[in-house]
Amino acid sequence: MKKILTLCALALSSFAYTQYELHPSFKEYFKDCSLLMDKYYYINCYDYNYKGTKAIAYKLEAKILNQGHIKKRPKFSEDTNIPKKYRTYWEDYLRSGYTRGHVVPNQSMNATTQAQLSTFLMSNITPQKKDINAEIWNEIEQRERYLAKKNKELEVLNLVLYDDKPKRIKNNIAIPNFYVKILKTKNFSECYKVPNNDNFARFDRNYFKEDCRKYIKY
């Protein structure tokens with residue numbers, strides 16, 4: 001009986017998400033994309049040259065974050081919306097010196113199976129240094145969930161910044177130089193810019209704070 005009730009609760013939770021609509025202050029980052037993908041839960045500006053995303057935006061709601069999470073992580077999968085010659089694969093990262101870094105965090109989008117699966121598409125993954133992924137960037141991701149719960153909802157914009165001539169791993173996947181996270185409510189904003197360099201992994205979070213006016217207009 002307990003198992004049946006749990007399954008029913010998960011089924012009902014699938015109605016919690018609504019299709020994401022891009023916040024007006026984020027729109028400038030979604031104009032110059034090789035492929036603009038509406039993933040229902042988020043919008044992804046994918047670049048064929050980098051073989052990776054340049055920007056992803058989504059909204060977090062406290063009512064969804066508070067309803068429970070799926071603990072088991074699914075496998076990474078190729079994004080079939082992308083032409084084959086521009087796709088990336090989980091095995092591209094083997095022995096690369098980089099982890100598969102989520103742009104939309106699993107923990108921020110795993111109240112339902114479909115929402116979680118969307119974050120394990122390889123189009124949502126970039127080569128991220130291990131300690132950055134596990135430490136300071138993880139801390140900032142926890143910050144976004146905290147602010148979403150505190151403010152009832154939160155608009156999030158993640159920017160992935162590359163060199164003009166970036167270094168690359170297997171399958172010609174460009175390695176980002178910086179990650180930017182913009183956290184926005186109606187009356188509040190908070191922004192971070194983190195180098196993709198393990199030397200910064202244990203720095204205090206406030207060290208990476210940026211003036212949000214560099215990135216968005218109000």
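Along each chain, residues carry numbers from 1 onward, in the same order as the chain's sequence is written. The predicted origin of the model limits local features to residues at a pLDDT of at least 70 and limits the giving and counting of side-chain atom pairs to 80 or more, whereas totals for whole chains, interfaces and linings rest on all residues. Side-chain metrics rest on all non-hydrogen atoms present in the structure, leaving aside hydrogens and water.

The name given to the protein in an unreviewed UniProt entry is Endonuclease, with Campylobacter ornithocola as the source organism.

A. Summary view of helix 5 (residues 136–151). We count a stretch as a helix when DSSP gives it H or I for four or more residues in a row; a strand needs E for two or more, and each element gets its number in order from the N terminus. In this scheme, a helix's expected span is set at 1.5 Å multiplied by one less than its residue total. Taking 1.5 Å of rise per residue, the 16 residues of helix 5 would be expected to cover 22 Å, and the 22 Å separating its terminal C-alpha atoms lies within 8% of that figure. Lys152, located one to two residues past helix 5, shows a positive phi value of around 80 degrees.

B. The sheet that holds strand 11 (residues 209–210), seen in detail. The strand order across the open sheet formed by seven strands is 1-2-3-6-9-10-11, and the pairing between neighbours is antiparallel. Unpaired on one side and paired on the other, strand 1 (35–38) and strand 11 mark the two borders of the sheet. Here, any two strands with at least 2 DSSP bridges between them count as paired. Note that strand 2 (residues 42–47) and strand 3 (residues 52–61) share six bridges and pair antiparallel. Residue pairing across strands places Asn44 opposite Ile56, the latter belonging to strand 3. With respect to the sheet, helix 5 is in contact with strand 3, strand 6 (153–161), strand 9 (178–184) and strand 10 (189–195), its orientation differing from that of strand 9 by roughly 10 degrees. Pairs of residues are marked as contacts when any of their non-hydrogen atoms sit within 4.5 Å. In this description, a line fitted to the C-alpha atoms serves as the axis of each element, helices being fitted only across the stretch in contact, and the angle between N-to-C directions of two axes falls anywhere from 0 to 180 degrees.

C. A look at the state of the cysteines. The definition used for a disulfide is geometric: two cysteine sulfur atoms within 2.5 Å. Inspection of the entire model under this criterion finds two disulfides. Across a sulfur-sulfur distance of 2.1 Å, Cys33 and Cys45 are joined as a disulfide pair. Here the S-S torsion is close to -115 degrees, and the disulfide linking Cys33 with Cys45 is therefore left-handed. Of this pair, Cys33 sits in the loop between helix 1 (2–13) and strand 1 while Cys45 sits in strand 2; the two residues are 12 residues apart in sequence, bridging distant segments of the chain. Here the two residues Cys33 and Cys45 agree in accessibility, since each one is buried. Each residue is assigned to one of three classes by its accessible area relative to the maximum for its type, calculated with a 1.4 Å probe on protein chains only: buried under 20%, partly exposed between the two thresholds, exposed over 50%.

D. Here's a closer look at the environment of Ser123. Mapped onto the elements of the fold, Ser123 is located in the loop between helix 3 (113–119) and strand 5 (125–128). It is 9.3 Å that separates the C-alpha atoms of Ser123 and His102, two residues lying 21 residues apart in sequence. Once residues within four sequence positions are removed from consideration, Ser123 is found in contact with Met37, Lys39, Asn44, Tyr46, Thr53, Asp79 and Ile82. Polar contacts involving the side chain of Ser123 include one to the side chain of Asp79, which spans 2.6 Å. In protein, a polar contact requires one atom able to donate a hydrogen and another able to accept it; more generally it is a pair of N or O atoms within 3.5 Å, and residues adjacent in sequence count only if both atoms are side-chain atoms.

E. Expanded view of the pairing of strand 9. For strand 9, a buried count of six out of seven residues is recorded, marking the element as mostly surrounded by other parts of the structure. Bridge count for strand 6 against strand 9 is seven bridges, and the pairing is antiparallel. In the strand pairing of strand 9, Asn158 is matched with Lys181. The pairing of strand 9 with strand 10 spans seven bridges and is antiparallel. Bridge pairing in strand 10 places Leu183 opposite Glu190. Where strand 9 folds back onto strand 10 in an antiparallel hairpin, the turn is made up of four residues.

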